[in-house]
Each structure stands twice: as C-alpha cells, then as structure tokens.
Amino acid sequence: MFADKTLWKDNVARRRWTAALVLSLLLLSLPWIVRLNGQPHADWQQFLGRFHPLAVHLPVTLILLVPLLELGGRWKPALRETAGFVLGLAFAGCIASLMLGYLLAFGSGAAGPGVTRHMWGGILLTICTMLCLLARPLWSALPTDKVYPALLTITLIVMMWAAHQGGSLTHGSNYLIMYAPRPIKTIASLGGSQAKSDSFYVQHINPIWDKKCLSCHGDGQVKGNLRMDTFEALMLGGKDGPVIVPNKPDDSLLLKRVTLPESHKQFMPAEGKPPLSKEEIAWIRAWIQQGASPTTTHLAGISIREQSDIPLEPVGDYSALQPEIDRMKNAPGAKLLTVSAKPSDGLILNTLDVAGNFGDAQLAQFEKYAPFIVEVDLARTAVTDASFSTLAKFTHLRAIHLDNTNVTGIGIEKLAALKHLTYLNVSGTKITSESADRLKSLPGLQHIYLFNTPAQPLAPAEARKTS
C-alpha cells in the first residue's frame with residue numbers, strides 16, 4: 001500500500017506521468033510538425049546530423065546492458081541500483097540520437113519508406129525507454145509487478161527493429177541475407193527477387209544498382225525522388241527529370257554523375273560509397289547506347305566469355321621506386337595508383353587528368369614500372385597502334401582501357417603475351433573486324449568491348465556468353 005501511494009498517487013509521480021504523456025504526444029506528432037519532403041536544407045543541420053550514426057550506439061549499448069544488470073541484481077543488489085542510472089542515460093541518449101537523426105534526414109533531404117520506418121522506430125524506442133524509466137520504481141518496490149519487465153521486453157524488440165531499419169538504410173535492405181543459403185532467402189521472401197531472366201539488364205546492369213545505388217535510391221531511401229529498385233521506376237527518373245535517355249548515353253544524367261571526378265559535389269555514388277568500376281560504366285554506357293532495353297539478352301560489341309579462374313600472380317617488390325611513385329601523386333601528369341594496401345596487388349596507370357596530352361612516347365616512359373602495373377587506363381588519350389608493343393612488356397596486365405583512342409588494331413596480337421589479361425576495352429575506336437578477329441589469339445580474355453567500332457557488327461556471337 002505504501003508503494004502504491006508513493007509511486008502512483010503523489011503529486012511528483014503524477015507530474016512525471018503527465019510530462020511523459022505530453023512528450024510522447026509531441027514525439028508522435030514530430031513527423032507532421034516537420035515533414036521530410038525530400039528536399040535538402042541547411043548545411044548546419046547536415047553537419048550535426050552526421051553525428052547520428054556515432055551517437056546512436058550509446059543508447060543501444062545502454063539498453064542492452066539494462067536487463068543484464070537487472071538479472072545480476074538478484075545476486076548483487078548494487079547492480080540493480082546501477083540499472084536505474086543506466087536506463088536514465090539510455091533515455092537521454094535516445095532523445096539526443098533521435099534529434100540528430102531527424103536533423104540528418106531533414107537537412108540532407110533523405111526520404112522514403114525506409115527513412116520513415118527508421119524514424120518511427122527511433123520515436124517508439126524513445127517512448128518505450130521513457131515508460132520503462134517511469135515504471136521501474138514500482139517494480140523495484142513490488143518485484144511481483146509485471147509492467148516493467150513487459151515494457152523492457154517490448155523496448156528490446158523495438159530497438160532491434162529500429163536498428164535493422166537503420167542498417168538497411170546504410171547497407172541496403174538485403175544486406176543481412178544477401179549471401180544466405182537459398183532456403184533462408186526463400187523464407188525471407190527474397191527468393192522471388194532473384195530474377196531468372198537472361199537479359200543483359202538483369203544479369204549485369206541491375207546488380208550494379210543493387211551494390212552501388214539502392215542504399216540511397218531504393219525502397220528504404222529515395223534521394224532526389226529517384227528510385228532504382230525497378231526498371232519502371234528507374235526510367236521515370238527523379239526530381240531532375242529522366243536519368244536514362246535511351247540511345248543517348250551522353251545525355252543520360254545517371255551516366256554523367258557516375259563519371260564526374262570523385263571530388264565533384266554531384267559525383268555519385270555520394271558520401272564515400274564505392275564508385276562504379278570502369279567495367280560497370282562501360283556496361284551502362286553500351287546498354288544505354290543500344291536502347292536501354294530490359295529484355296535484350298546481349299549487346300552488340302560486348303563479349304563476356306565464360307568465366308574461368310585465373311590465379312592472380314602477385315607483382316614484385318617496387319619499394320625502391322616508391323619515392324618516384326609518391327612524387328607523381330603531387331605533380332601534374334599521369335599517376336600510378338595502388339590497387340590496395342598490399343603492394344603485391346600492383347599498380348594502376350591513371351591518365352585521367354592528362355588524357356589529351358598522353359601518347360605513345362609518354363606510355364613508353366612507364367616501361368620501368370611495367371612489371372608492377374596490373375591495369376592501364378588509356379581512355380581518350382592520344383595513343384596509337386604503336387602502344388601495343390609497349391603494352392606487351394607489361395607482363396602482369398589484367399585490364400587495358402583503350403576506349404575512344406585512335407587505335408585501329410594493327411599489332412593487337414602482340415597482347416597475346418599477356419597471360420593475365422582478362423579485360424580489354426577498345427570501344428569507340430577505329431578497330432576493324434580483321435583486327436578484332438585477332439583477339440581470338442588471346443584466350444584468357446573474358447571481357448571484350450567493341451561497341452561503337454567498325455568491328456561491332458562482326459563481333460563473334462559465339463564469344464557472347466553471359467556469366
């Protein structure tokens with residue numbers, strides 16, 4: 001009777017519950033008071049909001065700690081006293097995380113079903129944590145009371161659901177079970193999403209969206225009013241209009257954005273997400289140029305042979321050349337970039353900043369680095385057929401980008417010496433069908449790009465086997 005009187009009927013308790021009711025109504029009204037309209041707002045809001053992913057881990061950890069402390073309190077009462085303090089900190093952390101999360105969504109213009117679900121998860125978690133904090137004193141006085149344990153259980157469930165929604169925004173809705181066994185995918189209703197169509201779009205283009213784009217333009221989050229999780233939604237475009245213009249890759253906004261310099265404000269994917277690879281961009285460009293069809297099974301001029309596992313031979317030690325490589329990074333001109341943190345993975349020759357002034361003579365100057373270079377990007381440079389003699393000396397080459405250069409293919413058979421070469425892009429060049437036939441002498445090639453060349457109509461059909 002004493003606990004009932006002091007904890008439920010005194011003025012302090014009534015004021016606390018009244019304040020909790022008012023705060024709950026305010027939080028539940030927040031989505032209508034300040035609507036997420038998909039439009040970006042002040043930079044200061046985004047600046048503060050980006051602390052949300054950091055701040056959100058505090059209340060999550062504290063809430064998980066509370067039931068452990070309550071259980072441990074059966075043997076050590078001091079732990080149970082600590083649980084109340086930890087719960088109070090968790091509630092404060094929920095308030096802070098919720099506000100930061102709302103600033104992030106409102107300031108960056110994030111919107112979509114996933115953002116909404118995560119927002120409601122944060123609101124409900126904050127309210128549940130507050131109710132636990134208010135109900136706990138009665139349970140401490142009357143251990144037989146079941147309200148607090150029930151609320152704590154509900155809070156844990158809400159927290160897991162809200163955390164999953166947040167993870168889906170960052171990594172995509174399929175992140176947890178992307179590599180799960182097929183039975184688990186089927187139970188999760190993902191089995192049907194693994195389309196069995198053999199179209200080029202389904203086999204090669206849509207997977208790019210899955211890996212690089214859907215975390216911002218999928219069911220969960222719809223930035224710029226653009227959704228890319230279905231072909232129909234992709235072709236509708238976003239707030240800036242259509243992003244795909246069939247037969248016109250240079251007019252397609254999506255292709256423009258993914259080929260901007262990574263430092264550009266409008267470069268996509270944004271916010272440090274992995275950029276599209278040269279190969280992925282080549283697929284998208286060819287797909288758009290040839291009609292952006294969702295049903296065609298292959299593209300003229302693109303050959304994707306049956307994949308075979310070719311062991312990657314590590315390159316040698318180039319530490320003696322490291323000072324020269326480092327100086328290139330800070331000087332104008334072509335640069336050598338590392339593939340990864342492991343030196344044995346090799347170097348990439350990048351000519352993006354000097355493409356128009358980079359020719360056969362400049363390529364020959366990199367022969368001293370030849371044993372360590374595994375990829376050369378010569379797209380849009382001034383190199384000619386003479387480059388084949390030099391490239392044949394790059395014994396570890398796996399990928400060569402010669403698209404939109406002046407090569408005609410004379411001497412291309414010299415590349416047969418490159419036993420690790422699996423990728424060759426000569427799209428947009430003057431390569432002839434006779435030269436293209438010589439590519440048969442390069443059995444290791446798995447990806448050959450000949451679109452928008454004189455050889456395109458004669459690309460060997462037997463080589464086009466989608467992986």
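Nothing here was measured: the structure is a model prediction, and the numbers come from that model. (Residues numbered from 1 in each chain as written. Predicted model: local features only at pLDDT ≥ 70, side-chain atom pairs only at ≥ 80, totals over all residues. Heavy atoms only, no water.)

### Overview of the overall build of the protein
Spelled out, the test is: Helix and strand assignments come from DSSP, with helices taken as H or I runs of at least 4 residues and strands as E runs of at least 2, each series counted from the N terminus. The Shrake-Rupley method, run with a 1.4 Å probe sphere, supplies the accessible areas, and residue values consider only the shown protein chains as cover.
When you go through the protein residue by residue, the secondary structure sums to 18 helices and 7 strands. Carbon and sulfur atoms make up 62% of the accessible area of the protein, which totals about 24100 Å².

### With respect to unusual backbone geometry
Trans is the prevailing form of peptide bonds, just as negative phi is the prevailing case for residues other than glycine. Of the consecutive residues methionine 268 and proline 269, the connecting peptide bond is found in the cis state with omega at 0 degrees. Mapped onto the elements of the fold, proline 269 is located in the loop between helix H13 (253–258) and helix H14 (278–289). Backbone geometry at asparagine 247 places phi at a positive 75 degrees, although glycine is not the residue there. Note that asparagine 247 resides in the loop between helix H12 (231–236) and H13. In the Ramachandran plot, arginine 380 falls in the positive-phi region, its phi being about 65 degrees despite a non-glycine side chain. In this fold, arginine 380 is placed in the loop between strand S4 (373–377) and helix H17 (387–391).

### Considering the pattern of salt bridges
Rules: Only one rule defines a salt bridge in this text: a Lys or Arg side-chain nitrogen within 4 Å of an Asp or Glu carboxyl oxygen.
Summed over all chains, the structure comprises 8 salt bridges. Across the pair aspartate 377 and lysine 278 runs a salt bridge, and its minimum N-O distance is 2.7 Å. Taken together, the residues aspartate 377 in strand S4 and lysine 278 in helix H14 connect sequence positions 99 residues apart. A cluster of three or more residues bridged by salt bridges with shared partners is formed by Glu70, Arg80 and Arg136.

### Thoughts on H14
Note the following rule: To estimate how far a helix should reach, multiply one less than its number of residues by 1.5 Å. Exposure is judged per residue with a 1.4 Å probe applied to protein chains only, and the accessible area is read against the type maximum: over 50% gives exposed, under 20% gives buried, and values in between give partly exposed.
For H14, which comprises 12 residues, the first-to-last C-alpha distance of 16 Å matches the rise-based estimate of 16 Å (1.5 Å per residue) to within 8%. With 10 of 12 residues buried, H14 lies mostly within the body of the structure. Glu279, Glu280, Ile281, Ala282, Trp283, Ile284, Arg285, Ala286, Trp287 and Ile288 are the residues of H14 that are buried. After H14 finishes, the residue glycine 291 shows a positive phi value of roughly 110 degrees.

### What to know about the environment of glycine 428
Rules: A contact between two residues is defined here by any heavy atoms of the two lying within 4.5 Å.
Within the secondary structure layout, glycine 428 lies in the loop between strand S6 (423–425) and helix H18 (433–437). For the pair glycine 428 and valine 407, spaced 21 residues apart in the sequence, the C-alpha separation amounts to 9.6 Å. Once residues within four sequence positions are removed from consideration, glycine 428 is found in contact with Asn404, Thr405, Phe451, Asn452 and Thr453.

### Concerning the pairing of S4
How we decide: Strands pair, by our definition, only if DSSP identifies at least two bridges between them.
Taken across its 5 residues, S4 has 4 buried, putting it largely inside the fold. In this structure, strand S3 (residues 347–350) lies alongside S4, joined through 4 bridges in parallel fashion. Its bridge partner lying in S4, leucine 347 is registered against isoleucine 373. The pairing of S4 with strand S5 (residues 399–401) spans 3 bridges and is classified as parallel. From the neighbouring strand, valine 376 faces S5, where its bridge partner is isoleucine 400.

### Considerations on the state of the cysteines
Test applied: Any pair of cysteine sulfurs within 2.5 Å is marked as a disulfide.
Summed over the entire model, instances satisfying the criterion amount to 0 disulfides. Cysteine cysteine 94 remains unbridged, with the sulfur of cysteine 128 as its closest cysteine sulfur at 9.5 Å.

### Here we look at the confidence of the model for the protein
Rules: Values of pLDDT, the confidence the predictor places in each residue, fall between 0 and 100.
Looking at the protein, the pLDDT average stands at 82 and 86% of residues meet or exceed 70. Confidence, expressed as mean pLDDT per element, reaches its minimum in the protein at helix H1 (residues 2–9) with 48 and its maximum at H17 with 93. Overall, residues 1–6 carries pLDDT values under 50, and its contacts beyond four positions in sequence, including any with other chains, amount to 6 contacts.

### Digging into helix H5 (residues 57–72)
An α-helical segment advances 3.6 residues per turn. Residues three or four places apart therefore align on the same side. Look at H5: 23 Å from first C-alpha to last across 16 residues, which is about the 22 Å you get at 1.5 Å a residue. The complete set of buried residues in H5 reads Pro59, Leu62, Ile63, Val66, Pro67, Leu69, Glu70 and Gly72.

### Some thoughts on the packing of aromatic side chains
Filter applied, for reference: Pairing of aromatic rings covers Phe, Tyr and Trp, the last counted by its six-membered ring, and requires centre-to-centre distances within 6.5 Å; plane angles under 30 degrees mean stacked, over 60 mean edge-to-face, and any other angle means tilted.
Scanning all chains against the criterion turns up 11 aromatic pairs. An angle of 45 degrees between the planes, with centres 5.1 Å apart, marks the rings of tryptophan 139 and tyrosine 148 as tilted. Comparing tryptophan 139 with tyrosine 148, the two get one shared label, buried. Ring centres of phenylalanine 200 and tryptophan 283 lie 6.2 Å apart, and the angle between their planes is 85 degrees; this geometry places the pair in the edge-to-face category. Here the residue phenylalanine 200 occupies a position in helix H10 (residues 200–212), and tryptophan 283 occupies one in helix H14, the gap between them amounting to 83 residues. Taken individually, phenylalanine 200 and tryptophan 283 each receive the classification buried, so the pair is uniform in this respect.

### Describing the packing of helix H6 (residues 77–108) against helix H7 (residues 113–141)
We count it as follows: All axes are obtained by fitting lines to C-alpha atoms, using only the stretch in contact for helices, and the reported angles, taken between N-to-C directions, cover 0 to 180 degrees. The scheme is simple: roughly parallel for angles under 35 degrees, roughly antiparallel for over 145, roughly perpendicular for 65 to 115, oblique for anything else. Helix crossings fall into two classes, left-handed where the near helix is turned counterclockwise from the far one by less than a right angle and right-handed where it is turned clockwise.
Following both chains from N to C, one finds H6 and H7 inclined at 155 degrees, their axes separated by 9 Å at the closest point. On the basis of their axis angle, the class for H6 and H7 is roughly antiparallel. Where H6 crosses over H7, the handedness of that crossing is left-handed.

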